[in-house]
Amino acid sequence: MIADRIRRTRAVGGRVMVQLVRDHRFLALALLVPVAVVYLLHVFLGSVNSPFFDPARFAVPLGAFIVHFLTYVLTAIVLVRERTGETLPRMFACGYRQGEIITGYLTAYTALASVQSLIVLAELAWLFELDYPWTKFLSIALVIWLLAVISMSLGILVSNFARTEGQVLPFVPAVIIPSIFLSGVVIPPENLPAWARVLGWFTPLFHADAVLVPLLKSGGSMADAGWSLAGLPCYGVAVLALASLTLRERD
Amino acid sequence: MAEAVTVEGLEKRYGRVEALRGISLSVKRGEIFGLLGANGAGKTTLIRILVGLARPTAGSVSVLGFDPNREAAALRRQVGFMPQSPALYLDLSTRANVAFFGAAHPHENSGRRVEEIIDFVALRERAHDPVHTLSGGMKQRVSLGCALFHKPALLLLDEPTAGVDPPLREIFWKHFRDLAASGATIVVSTHQLDEALACDRLAVMRDGAVLACDSPAGLLRRGRTTVRVKCGDAIEEARIESTPEALAAHLKHAGLSPEVASVELVADTLETIVLDLVRRGGAP
Ligand SMILES: Nc1ncnc2c1ncn2[C@@H]1O[C@H](COP(=O)(O)OP(=O)(O)OP(=O)(O)O)[C@@H](O)[C@H]1O
Ligand SMILES: [Mg+2]
């Protein structure tokens, strides 16, 4: 029983991985777009002329946002394509289960997201001349990586509500725009009205920033985030559970 | 248990569309059962319900003794499903597609089984090419191969020969008959009357209802034969049942005088019978 589940999960992961590696255009896009956007970010933040402005304070959260945005949109589209191409119902008819499909996808895309996070972080460190101790870099990488995994789950969840690839589009701003305004990337969430803060909890970026902001202060570490540390994993588990519950098998 | 599939009072509604309106039928083990019907008749909907990909609105379904809604996992180990669209990963090769869908099932030597399937669908030369470079008929062959991997007891084939040329269609049907001979049950949907003739039994469907469920010979018996007796200059035409007895009775009535120059028989084809059934909505 358990061996069957592991075999099927590995089959999905292996298949998605082969597809990823084969699709040179997709791969190039997924890796080069963040590089270009982070560079633009550097140009943009560098043009702010204020002695009180610390570009690094914004660079890392915005870098995390880029990884979040890309993994979320790519996963949603790829999964909708599985549905429209009828390969998803065929997988179900063959005996693949929801949990196996999602775990398989996660393993393959996590590899991609890890590379993405590392590239973004390396570029941020170089462009913004971040001179953090390596433990701090490791903590940031961990947060960005967790955020990427969560973004994938969110993409899978959203793919359930779209029948065509075009229908994914309205969901992109629906998740991304509140993320920017409510998560604390731009304004500290404490300054927001209570209802907006509650809404912010539903964006993964909020939980990532809750860890990143104290961590990025000079001399800050993961421990400074306190209870907020639990936010990201809890959010991840909740979204994953929701995604596998809603990955529709029957209509 | 002699029945592979039993369906009773099956209804399926999509919003305001009634895809199936109370269907009842049964498929015996080892038979090739055809679903014949025009576009939108409900063939795909029925097949999807049988493999647990659609939930019936009402009615009962039993497939190989399982309920496709509640016992999908156990059922799917014994069912091979070929969807109407090829449903393959176009960027992957034939081999990778067969291997992936096959990997859903335990197999002691899956590598060898993949090669067997590739030979079975005669795609050895193209086994390594991405599926998007194959022709439509070749894609159908890959799709069939994926459904056969685990030697299922029941095959659900949704228009397997759509877009397949006549010689290849012949080969597909030879495969189906071989599979049925080795004990598999096959449910196959089609628009093609010549394919319907090759089934052991078939259900003629229209607008979500089964109009008739019979063997091709039984359906043919529903047809009539036109008898034209030419006697001198007069031609007398009559429509009689398509049986030798009916013909004898009719000729006795006509009297076989020396003047009878010729007797011509024109039997209804399956096409006329089915079109007639569909026009009358199944009423006898
Ligand atoms: N997912 C769906 N949502 C809404 N309506 C549907 C859906 N699937 C099928 N239908 C409707 O149900 C009816 C039967 O469709 P079905 O696909 O079963 O027909 P079919 O006999 O397979 O036709 P075809 O020969 O064209 O493949 C049609 O009116 C169709 O529009
Ligand atoms: Mg159909």
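This structure is a prediction, so every number in the text was calculated from the model and none was measured.

Conventions used here
Numbering of residues starts from 1 in every chain and runs along the sequence as written. A letter from A marks each chain and a number from 1 marks each ligand, given out in the order of writing. Local features in this predicted model are restricted to residues whose pLDDT is 70 or higher, and side-chain atom pairs enter the listing and the counts only when it is 80 or higher, whereas totals over whole chains, interfaces and linings include all residues. As a rule here, side-chain values cover all heavy atoms of the structure and leave hydrogens and water aside. The rule for a residue being near a molecule or strand is that one of its heavy atoms must lie within 4 Å of it. Contacts described as polar in this section are N or O atom pairs within 3.5 Å, which, within protein, must combine one atom able to donate a hydrogen with one able to accept it, while residues neighboring in sequence count only if both atoms come from side chains. Per-residue and other accessible areas were derived by the Shrake-Rupley procedure at a 1.4 Å probe size, with only the shown protein chains allowed to occlude residues. By definition, any uninterrupted DSSP run of H or I lasting at least four residues is a helix, any uninterrupted run of E lasting at least two residues is a strand, and each is numbered from the N terminus. Any pair of Phe, Tyr and Trp rings, taking the six-membered ring for Trp, is counted once the centres come within 6.5 Å. Such a pair is stacked with planes under 30 degrees apart, edge-to-face with planes over 60 apart, and tilted for the rest. Counted as over-ring charges are cases with an Arg CZ or a Lys NZ within 6 Å of the ring centre that also lie within 35 degrees of the ring normal. Here, a salt bridge means any side-chain nitrogen of Lys or Arg that lies within 4 Å of a carboxyl oxygen of Asp or Glu. A pair of strands is treated as paired once DSSP finds two or more bridges between them. Note on definitions: angles span 0 to 180 degrees between N-to-C directions of axes, and those axes are lines fitted to C-alpha atoms, for helices only across the stretch in contact.

## Observations regarding the site of ligand 1
All names here are of chain B.
Part 1 of the argument: Taken together, 14 residues surround ligand 1, and among them Asn39, Gly40, Lys43, Thr44 and Thr45 come closest.
Part 2 of the argument: Between ligand 1 and asparagine 39, the relevant distance is 2.8 Å, taken from an oxygen atom to a side-chain nitrogen or oxygen of the residue.
Part 3 of the argument: For ligand 1, an oxygen atom lies 2.9 Å from a polar atom in the side chain of glutamine 84.
Part 4 of the argument: For ligand 1, whose free accessible area comes to 630 Å², the fraction covered by protein is 66%.
Part 5 of the argument: Counting only elements with at least two residues in the shell around ligand 1, the list comes to strand S2 (17-28) and helix H1 (43-50).

## Observations regarding the packing of aromatic side chains
Part 1 of the argument: Throughout the structure, instances matching the rule amount to 10 aromatic pairs over all chains.
Part 2 of the argument: Relative to Tyr109(A), the ring of Tyr105(A) has its centre 5.8 Å away and its plane inclined at 40°; by these criteria the two rings are tilted. Placement of the pair is Tyr105(A) and Tyr109(A) together in helix H5 (residues 98-127), with a separation of four residues, close to one helical turn.
Part 3 of the argument: An aromatic cluster of at least three residues, connected via ring pairs, comprises Tyr96(A), Tyr89(B), Phe100(B) and Phe101(B).
Part 4 of the argument: In this structure, Lys12(B) is placed above the aromatic ring of Tyr14(B), and the distance from its NZ or CZ to the ring centre is 5.0 Å.

## Quick notes on the pattern of salt bridges
Residue and element names in this part refer to chain B.
Part 1 of the argument: Counting across every chain of the model gives 25 salt bridges over all chains.
Part 2 of the argument: Of the charged contacts in the structure, one is a salt bridge between glutamate 18 and arginine 21, with a shortest N-O distance of 3.7 Å.
Part 3 of the argument: A salt bridge links arginine 112 to glutamate 116, with the nearest nitrogen and oxygen atoms 3.8 Å apart. Note that arginine 112 and glutamate 116 are positioned in helix H4 (residues 110-120) at a spacing of four residues, about one turn of the helix.

## A word on the sheet that holds strand S5 (residues 79-82) of chain B
Residues and elements named next belong to chain B.
Part 1 of the argument: What the six strands build is an open sheet, ordered S5-S6-S7-S3-S8-S9; its pairing is mixed. If you trace the sheet from one side to the other, it starts and ends with S5 and strand S9 (209-214), each paired once. With direction set aside, neighbouring strand axes in the sheet form an average angle of 15°.
Part 2 of the argument: One ladder, built from five bridges, connects strand S8 (residues 201-206) with S9; its direction is antiparallel. Among the inter-strand pairings, methionine 205 is bridged to a residue of S9, identified as valine 210.

All we've got here are geometric facts, nothing functional implied.
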